[in-house]
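In case you want the letters, here they are:
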Protein chains: 2
Amino acid sequence: MSSLYKHLRIHQIFGANTEVGKTVLTTALARASTKKKFPVFYLKPVSTGAIEDADDHHIVRHGGKASNLIHSECLFRYDDPVSPHLAAKRKTSENNSLIPSDDALVGSIANRIREHAAKSSRPGHMYIETAGGVHSPTLSGTTQADAYRPLFLPTILVGDSKLGGISSTISGYESLLMRGFIVDAVVMFRDEYYRNWEYLTEYFKEKGVHVAAVDPPPPRHSDPAADRTATEEYYDAITSSNEENSISRLVDYLDARHAIRVQELESMPGRTLNSIWWPFVQHGTVRGKQDVTVIDSAYKDYFSVAQNKSDSPPSKSLLHPEFDGSASWWTQTLGHAHPALTMAAARASGRYGHVMFPQATHLPALKLAERLLTTGPGKGWASRVFFSDNGSTGMEVAIKMALRAWSIRNGAELTSQEKKHLGILGLKGSYHGDTIGAMDASEEGVYTCEWHEAKGYWFEPPKIGIQNSEVTITVPGSLSSSQKPHVTKAPSLSWVYNVEERINTPLGRAYAFQIRRVLDTLQEKGTKLAALVIEPLVLGAGGMIFVDPLFQRILVDTVRGRRSRSSSQWSGMPVIFDEVFTGLYRIGVPSAGPLLGVNPDISVNAKVLTGGLIPLSVTLASKSIFEAFLSDKKAEALLHGHSYTAHPIGCEVANETLIQIEKLAKSEEWKKAREKWAPAEGEESTVWSLWDPQFVTEISKLPSVNEVMALGSVLAIDFKDPAKGYTSFFAQNLLQPLKGPSEQKGNLSPAPGGAPYGVNYRTLGNVGYFMTSLNTTPAVIRSLEDRIWSVLSN
Amino acid sequence: MSSLYKHLRIHQIFGANTEVGKTVLTTALARASTKKKFPVFYLKPVSTGAIEDADDHHIVRHGGKASNLIHSECLFRYDDPVSPHLAAKRKTSENNSLIPSDDALVGSIANRIREHAAKSSRPGHMYIETAGGVHSPTLSGTTQADAYRPLFLPTILVGDSKLGGISSTISGYESLLMRGFIVDAVVMFRDEYYRNWEYLTEYFKEKGVHVAAVDPPPPRHSDPAADRTATEEYYDAITSSNEENSISRLVDYLDARHAIRVQELESMPGRTLNSIWWPFVQHGTVRGKQDVTVIDSAYKDYFSVAQNKSDSPPSKSLLHPEFDGSASWWTQTLGHAHPALTMAAARASGRYGHVMFPQATHLPALKLAERLLTTGPGKGWASRVFFSDNGSTGMEVAIKMALRAWSIRNGAELTSQEKKHLGILGLKGSYHGDTIGAMDASEEGVYTCEWHEAKGYWFEPPKIGIQNSEVTITVPGSLSSSQKPHVTKAPSLSWVYNVEERINTPLGRAYAFQIRRVLDTLQEKGTKLAALVIEPLVLGAGGMIFVDPLFQRILVDTVRGRRSRSSSQWSGMPVIFDEVFTGLYRIGVPSAGPLLGVNPDISVNAKVLTGGLIPLSVTLASKSIFEAFLSDKKAEALLHGHSYTAHPIGCEVANETLIQIEKLAKSEEWKKAREKWAPAEGEESTVWSLWDPQFVTEISKLPSVNEVMALGSVLAIDFKDPAKGYTSFFAQNLLQPLKGPSEQKGNLSPAPGGAPYGVNYRTLGNVGYFMTSLNTTPAVIRSLEDRIWSVLSN
């Protein structure tokens, strides 16, 4: 990630086009810096002959190093006078190893930065040039703007002073902006005929971007000595501190920007502690600035965070990578700042902004709805999509749907008081969101507020876990004929999740019996239950409880009674699947329905839905639920809706996310991961995880571990802690050593730029969990497994 | 807006740069179309000598019209061999009227399209060239991509085949994408040395964009006759239908894309009716496809909507503009698809994606929080910002804050049941969002669901309105000593909102007395009230009820008791301002506090906050509220938070919105509007509106109108309807004639492209309301006033 040193200002120089004077102006920057007595490191990572034709001519003309303060270096040089993508092709056919991968390219630069920062004892400047235009391909084929994004260095855009240059400069700027780059300045030649600088100065002023226009170089002299003299004079002139439009002034400006950036990062913890009220945080236990994670940027699986240590040596970067170990509260799907999602957001914003939705339609929403109904989680049962803003509101909508459907069928004789207390059937440890209605669908607990009123009945869930390398089913006393909890061993995880085969086992029959017994008792008491609400397979916020799927299946079957499997009418009570956390492959399957062998009548998705970018939720409903609201009376409609319902940006990002996920579902990486989880060679597992099964098993054997589970991108470790519960700090303290960056001498880490990385993790009481994106690479996960192992096994 | 005709396919051609062959390739497209016997209209809106140097050379070479099927035309021609921004400067100094404004440019093109579509009796093609690169400035100074955005024509991007052209082509594409353009194809020369087409074909395949690469033109012959022959041969070859990479194939592809687009628009109503569950819509009363508004795109104050009439004549565009009369459910602030908001969204997406927020910080959230606290609605009283996703969740957070703060101070002896029923004090007609907890803060009504339990007491609000040209205060019987409603005349609106001056009037004392009486009665009954919750000044969803501000002021003062004005401790009960709808200048003031003369302890903003782009909400709290949650126990924290809490995109868009609004607040347009509302020449009004006071007064005199009110961007008309209430269709039916586009012979409308426009409006029972963006131009509002007047006065 970004390397940021107080005493070493680094800028990366992009070109609005090729032949815009990138090398001349970078040379001038280097010279201007040396005039101010700063040591300069001038890095040109890759040079191909052709790209910098005109520029190279000038770099030659500038007569080598102007001063011994300039250290210049080129990491990869190719002399083919063609575009890099062709140079790469030719090199590949010669010798594959000559072409650096993006990681190697970025790693080399990051290493050179680190080495240089470690060596230099006083403030210095570093300029890193790119090749060609903003989107010219690197040797690997990735374009410059994407390839260098992991470094996230502040940039200078060299504008185009030629005819058409206004356009290429603005477009180049926009491409940098879409990658989140900080563009500190545009610098360009002051061509007096086209006067692009004049237009661009105004244009960028509004955007807060400084434009520096400097005189163009003199024409070439035929006499080399005269040429050298003219060139020296030219550089002297444009780097003079007396000239208003000089590069010297630009250097001062860049220094000021650098100072502001450092100062801003340093001030952020204090300012945050004075203005922000964090979610789910007890501010009374926040010790001070050291407890604030300053996220300067993020890329793929990593945050780039600022060190909050005033005693850091100048040789250490103020920023370091931190693995986003909770997938940013379970949202990250394709990694942070994925260009495809930015594009999706930008094109929807550019086409629509937001447009109101009642009785209206637009392509992003319509396509998303159709996708969800035909190939997504609604496949085979859902007929309608209702949009809202987050999992909690999506669940409120689901509950409103179920209450109404149930009341219409059963409620003729209900009193107003009875309607207010229609019950939810669910599982203990459920969590359906933070709004008060969604909370009322769960038991009272630490999360609930004054108004909370638990409406319903909740079963204790039987749990799945790996204990000391064995797959176990822990059945609570309340579901056992002996009234005592018992633990059963299972042959494999795959066996456990093969629900259909387990229905007629003794455990299956016991579940059915206990459920029936409870329901009968409730009925006798007059409790009216209007909906079954479950988080399929995993209760997330309740503590990553992996529920025995057999129990959930039998629960659904029982409440539905004799409903035929093919019926689309809900029966007994509407069944709601809260798949906000578990859905869309978070735990390896697109939806729990096929695994459980039953579909819901209503389901909710969010989080992964938008790839981890912006809030959006969908509540899917069957035809029979939808029809409960149909009439000729407006007051009988589902009178719910948020201002930004079905906002086009969210829908477009969701469409893009689902397309990308479908690609992943067919990827070689997932195939390999699935194979690892097969119960035997050649067999297919019902469930799988991106985490290594061997690693999971080893963790389960640790003395500090009670049990462990992994599905999809989720790994949950239940620690042996006497003081169980949400407010326990046991796991938090145990995992503390993960937080800091671990120095791995010699080796580059898989974090962007190869820097040592820390792990940002969340715990739920005595449960520590880790969650990757769906496209996190095996290398990253293996490295993370090593980190976790080394912390836990010590 | 977009002109879309079934029988006339139109494409606009942008260049990745200048001198990329735009004119040659457009000429080839025109010729290929004629070969297929399509009549072709080739429009080059503006030509400046320099921009198309190389191209113009070829257009000359192609020997004029290749066929009488081609009609070609240039609307504005300038021969200065310079960039358009300089050509414009020179022209301006010569004769100002020669420079077309963006509106005039776009209007001229739209007119030519309309004329051409009306004339042509059989399928044809139209190609509209742009000048220079994607972002080359037009004569007005606006860049091409922004200037032509109102037309929203499907585009072709001419790629750059030269060195550096990969970069400029991708960047050009991204600039078009950020404006929402549909890019149907990239077409470029097949340069065999740089082979950019090869790279770009792969690159764009992933993005679903077709790339066509065609042979470059032959070098120029010195003999004009030979040159003409060579040129004809060249065009013949590249437009041949036998060649795989020919322009002929591209024409077929573009025809296919056009057909798909038309077919898609036509299919959208039916598909929507089969998959979408709309918010607040009784699907049972939706008659069919004709009731679905298909929004193809949106720009500034207008949607571009598809006609759903199968019997439309081919001479009519399938799309027409519709004024977004409800500001898309009260969200639009700067108009749809504002480039500055797209940029803000893109740069935050590129820098962060989303990053988790508990104990973390990032610049967009921090800056937004500081802005809100120091210069925004929290100025002078708030100390903390809590983020959530929409107004409803923001209000749930506010209620949780108030309940806790009150309980800690007063709740030691409260039973669990009492806590569950802590009451809200509010006004009848209040609406605080759709989630169940927020609903419980209002009375039972048509919006509420089975679980709803009205917790609290609600006063009937005294109302402000203009009745038959007089400002009136309507006091309900419940607040009157006579127990009968009475209507008082006020000298002016400005007087009504000068609250401080009215406190010691008889009405003020009467309010105080009645409030005290009710509170005493409630106290005697043992009702525990834990928060005063009000929508300041206007109750929005309740029916645009403009509340007498004096009543709200006295209500706040009364519940607070003897609290000193300077105290930062809440007293009596926490006061919550729900400014979700009214805040941030929607009704002309940034926040109601200064007008009412009292600040809340908690306030909520959303809607305008993000300029009308994406959901985000903030709950602001005073220090004393925040401190109620401080302890060393995690369980006592505010345990609320959504996954996307403080998502950087939303925060960055909000920051940009607030910056733009501050500019508007100082603008000449607002100054003029304010002056119109001054009670007398030279005096300042306490309140003002973008709507014309004269118009508002005239509306108030209409026999169908009970009363009317306008503040800020809001105009509300209360119609005389015996069947009052949310489910009334009176206003809906009365305003129906606004919906269709009104033909204004001769004159261009102020809608983009000057087309006749319809009005998309929403009603709340017998109240019709209209809402503009904060930057809607006076011309647009005057036109809208005329439309409304002509419908209502007939």
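Residues numbered from 1 in each chain as written. Chains lettered and ligands numbered in written order. Predicted model: local features only at pLDDT ≥ 70, side-chain atom pairs only at ≥ 80, totals over all residues.

For chain A, an unreviewed UniProt entry supplies the name Onanonoxo-7-onima-8-eninoihtemlysoneda and the organism Coprinopsis cinerea. According to its UniProt record, chain A has this under Subcellular location (unreviewed entry): "Mitochondrion". (UniProt positions renumbered as here; feature names shortened; annotations may be inferred.)

Colleague: Tell me about the overall build of chain A, residues and numbers included.
Modeller: The helix and strand inventory of chain A stands at 26 helices and 28 strands. Relative to the 2.2 N^0.38 estimate, which gives 28 Å for 794 residues, the radius of gyration of chain A is 30 Å and therefore close to what a compact globule would have. Dimensions of chain A along its principal axes, counting C-alpha atoms only, are 105 × 65 × 55 Å. The buried share among the 794 residues of chain A stands at 59%. Considering only contacts within chain A whose residues lie at least 6 apart along the sequence, 73% involve residues at least 24 apart. (Helix = DSSP H or I, 4+ residues; strand = E, 2+ residues; numbered from the N terminus. Rg over C-alpha atoms; globule rule 2.2 N^0.38 Å. Buried ≥ 20, exposed ≤ 12 C-beta atoms within 10 Å, placed from the backbone. Contact = placed C-beta atoms within 7 Å.)

Colleague: Go over the sheet that holds strand β14 (residues 456-459) of chain B with me, naming the residues and quoting the values.
Modeller: Residues and elements named next belong to chain B. One open sheet accounts for 7 strands, arranged β12-β23-β22-β21-β18-β13-β14; its pairing is mixed. At either margin of the open sheet sits one strand with a lone partner, and together these are β12 (384-388) and β14. Averaged over all pairs of adjacent strands, the angle between strand axes in this sheet comes to 20°, irrespective of strand direction. In this sheet, strand β22 (residues 602-605) lies alongside strand β21 (residues 575-578) in parallel orientation, the contact comprising 3 bridges. Following the sheet pairing, Ile 576 is matched in β22 by Ile 602. (Pairing = 2+ DSSP bridges. Axes fitted to C-alpha atoms, helices over the stretch in contact; angles between N-to-C directions.)

Colleague: An account of helix α13 (residues 391-410) of chain A is requested, with residue identities and associated values reported.
Modeller: Look at α13 of chain A: 28 Å from first C-alpha to last across 20 residues, which is about the 28 Å you get at 1.5 Å a residue. Burial analysis of α13 of chain A places 16 of its 20 residues in the buried class, which makes it a mostly covered element. (Expected span 1.5 Å × (residues − 1).)

Colleague: How would you sum up the relation of the copies chain A and chain B? Please name residues and give values.
Modeller: Each copy superposes on the other: chain A lies on chain B with an RMSD of 0.0 Å after a rotation of 180° and an axial shift of 0.0 Å. Read as a symmetry element, the transformation amounts to a two-fold axis. A shared interface surface links the copies, since 100% of the contact residues of chain A are contact residues in chain B too. (Least-squares fit on C-alpha atoms with pLDDT ≥ 70 in both.)

Colleague: Before we move on, could you go through the nonpolar core and cite the residues and values that matter?
Modeller: Core analysis: the largest hydrophobic core is formed by 491 residues, its most contacted members being Ala 345, Ala 402 and Leu 532 of chain A together with Ala 345, Ala 402, Ala 531 and Leu 532 of chain B. Each residue touching Ala 345 of chain B, except ones within four places of it in the same chain, is listed here: Ala 345, Ala 346, Ser 349 and Ile 649 of chain A together with Leu 613, Ile 649, Glu 652 and Val 653 of chain B. Formed by 5 residues, the second largest nonpolar core is a distinct cluster that contains Val 46, Ile 99, Ala 131 and Leu 139 of chain B. (Core = buried A, V, L, I, M, F, W, Y, C linked by C-beta atoms within 7 Å.)

Colleague: I'd like a description of the interface of chain A and chain B, backed by residues and values.
Modeller: You'll often see interface size given as the accessible area lost when the parts meet. Between chain A and chain B, the residue contacts involve 140 residues of the former and 140 residues of the latter. Counting residues per element, the side of chain A that touches chain B draws most heavily on helix α6 (residues 165-178) of chain A, at 10 residues. Along the lines of polarity and charge, the residues of the side of chain A that touches chain B split into 61 nonpolar, 54 polar and 25 charged. Summarising the sheet, strand β11 (residues 360-361) of chain A and strand β8 (residues 293-299) of chain B pair through 2 bridges and their orientation is parallel. Residue pairing in the sheet places Thr 361 of chain A in a bridge with Val 294 of chain B of β8 of chain B. (Nonpolar A, V, L, I, M, F, W, Y, C, P; charged D, E, K, R; others polar.)

Colleague: Can you lay out the domain arrangement of chain A for me, pointing to particular residues and giving the numbers?
Modeller: Residue and element names in this part refer to chain A. Domain boundaries assigned for chain A yield domain 1 (8-263), domain 2 (381-645) and domain 3 (668-793). Elements that contribute at least two residues to the side of domain 2 that touches domain 3 include exactly β15 (463-467) and α16 (493-496). By residue number, the principal contributor to the side of domain 2 that touches domain 3 is β15, which donates 4 residues. Looking at the side of domain 2 that touches domain 3, its residues break down into 12 nonpolar, 9 polar and 1 charged. (Domains from an automatic or database assignment.)

Colleague: I'd like a description of the sheet that holds strand β10 (residues 319-324) of chain B, backed by residues and values.
Modeller: Across the sheet, which stays open at both edges, the 5 strands sit in the order β11(A)-β8(B)-β9(B)-β10(B)-β26(B) with mixed pairing between neighbours. A single partner strand is all that each edge strand has here, and the edge strands are β11 of chain A together with β26 (758-760) of chain B. Bridge count between β8 of chain B and strand β9 (residues 302-306) of chain B: 5 bridges; the pairing is antiparallel. Among the inter-strand pairings, Ser 297 of chain B is bridged to a residue of β9 of chain B, identified as Ser 304 of chain B.

Colleague: Can you tell me about the packing of helix α6 (residues 165-178) of chain B against helix α7 (residues 196-205) of chain B, naming the residues and giving the values?
Modeller: Axes are the key here: two packed helices are described by the angle between their axes and the distance separating the axes. Residue and element names in this part refer to chain B. At a minimum axis separation of 10 Å, α6 and α7 run at an interaxial angle of 35°. In the crossing of α6 with α7, the sense of the turn from one axis to the other is right-handed. Judged by residue contacts, Gly 165, Ile 166, Thr 169 and Ile 170 of α6 engage Asn 196, Tyr 199, Leu 200 and Tyr 203 from α7. A per-class count over the contact of α6 with α7 returns 5 nonpolar, 3 polar and no charged. (Left-handed = near helix turned anticlockwise from the far one by under 90°.)

Colleague: Provide a residue-level description of helix α22 (residues 648-665) of chain A, including the pertinent values.
Modeller: Taking 1.5 Å as the rise per residue, α22 of chain A with 18 residues should run 26 Å; its terminal C-alpha atoms sit 25 Å apart, in good agreement. Considered for burial, the residues of α22 of chain A that qualify are Pro 648, Ile 649, Gly 650, Cys 651, Glu 652, Val 653, Ala 654, Asn 655, Glu 656, Thr 657 and Leu 658 of chain A. The secondary structure elements touched by the buried residues of α22 of chain A are α11 (339-351) and α12 (363-374) of chain A together with α11 (339-351) of chain B.

Colleague: Requested: an account of the pairing of strand β25 (residues 714-719) of chain A, with residues and values cited.
Modeller: Residues and elements named next belong to chain A. Within β25, 6 of the 6 residues are buried, which leaves the element mostly enclosed by the surrounding structure. Burial along β25 is two-sided: the residues Val 714, Ala 716 and Asp 718 and Leu 715, Ile 717 and Phe 719 are all buried. As defined by bridge partners, strand β24 (residues 705-711) adjoins β25 across 6 bridges and the pair is classed as antiparallel. Bridging from a neighbouring strand, Leu 711 pairs with Val 714 of β25. Between β24 and β25, which pair antiparallel in sequence order, lie 2 residues; one of them, Gly 712, sits at a positive phi of approximately 55°. For β25 and strand β28 (residues 767-771), the ladder comprises 5 bridges, and the chain directions are antiparallel.

Colleague: Can you tell me about the packing of α11 of chain A against α11 of chain B, naming the residues and giving the values?
Modeller: Axis separation between α11 of chain A and α11 of chain B bottoms out at 9 Å; the angle between their running directions is 170°. Taken together, the axes of α11 of chain A and α11 of chain B are roughly antiparallel relative to one another. For the pair α11 of chain A and α11 of chain B, the contacting residues are Leu 341, Thr 342, Ala 345, Ala 346, Ser 349 and Gly 350 of chain A in the first and Leu 341, Thr 342, Ala 345, Ala 346, Ser 349 and Gly 350 of chain B in the second. Broken down by class, the residue content of the contact of α11 of chain A with α11 of chain B amounts to 6 nonpolar, 6 polar and no charged. (Parallel < 35°, antiparallel > 145°, perpendicular 65-115°, else oblique.)

Colleague: A description of the pairing of strand β8 (residues 293-299) of chain A should follow, citing residues and the corresponding values.
Modeller: The buried fraction of β8 of chain A amounts to 7 of the 7 residues, a majority that puts the element mostly inside the structure. In this antiparallel pair of consecutive strands, β8 of chain A and strand β9 (residues 302-306) of chain A, the connection spans 2 residues, and Lys 300 of chain A shows a positive phi of 50°.

Colleague: Describe the environment of Ser 101 of chain B, and please don't skip the residues or the numbers.
Modeller: Residue and element names in this part refer to chain B. By secondary structure assignment, the location of Ser 101 is in the loop between α3 (84-94) and α4 (102-119). Given 13 C-beta atoms within 10 Å, Ser 101 falls into the partly exposed group. Distance in space between the C-alpha atoms of Ser 101 and Leu 177 is 24 Å, their sequence separation being 76 residues.

Colleague: Which residues make up unusual backbone geometry, and what are the values?
Modeller: Residue and element names in this part refer to chain B. Phi is positive for Phe 152, which is not a glycine, with a value near 40°. Position of Phe 152 among the secondary structure elements: in the loop between α5 (144-147) and β5 (155-158). A positive phi is found at Asn 468, a non-glycine position, where the angle reads about 45°.

Colleague: Quick one: what's the story with the confidence of the model for chain A, residue by residue and with numbers?
Modeller: Residue and element names in this part refer to chain A. Within chain A, residue pLDDT values average 92, and 93% of them lie at 70 or more. Within the model, the stretch residues 50-65 combines pLDDT values under 50 with 35 contacts to residues more than four positions away or in other chains. Overall fold confidence (pTM) sits at 0.96, and the ipTM for the predicted complex is 0.96. (pLDDT = per-residue confidence, 0-100.)

Colleague: An account of the environment of Glu 627 of chain B is needed here, citing residue identities and associated values.
Modeller: Residues and elements named next belong to chain B. Mapped onto the fold, Glu 627 is located in helix α21 (residues 623-627). Under the C-beta neighbour-count criterion, Glu 627 is labelled partly exposed, with 17 such atoms within 10 Å. With 110 residues separating them in the primary sequence, Glu 627 and Pro 737 have C-alpha atoms 55 Å apart.

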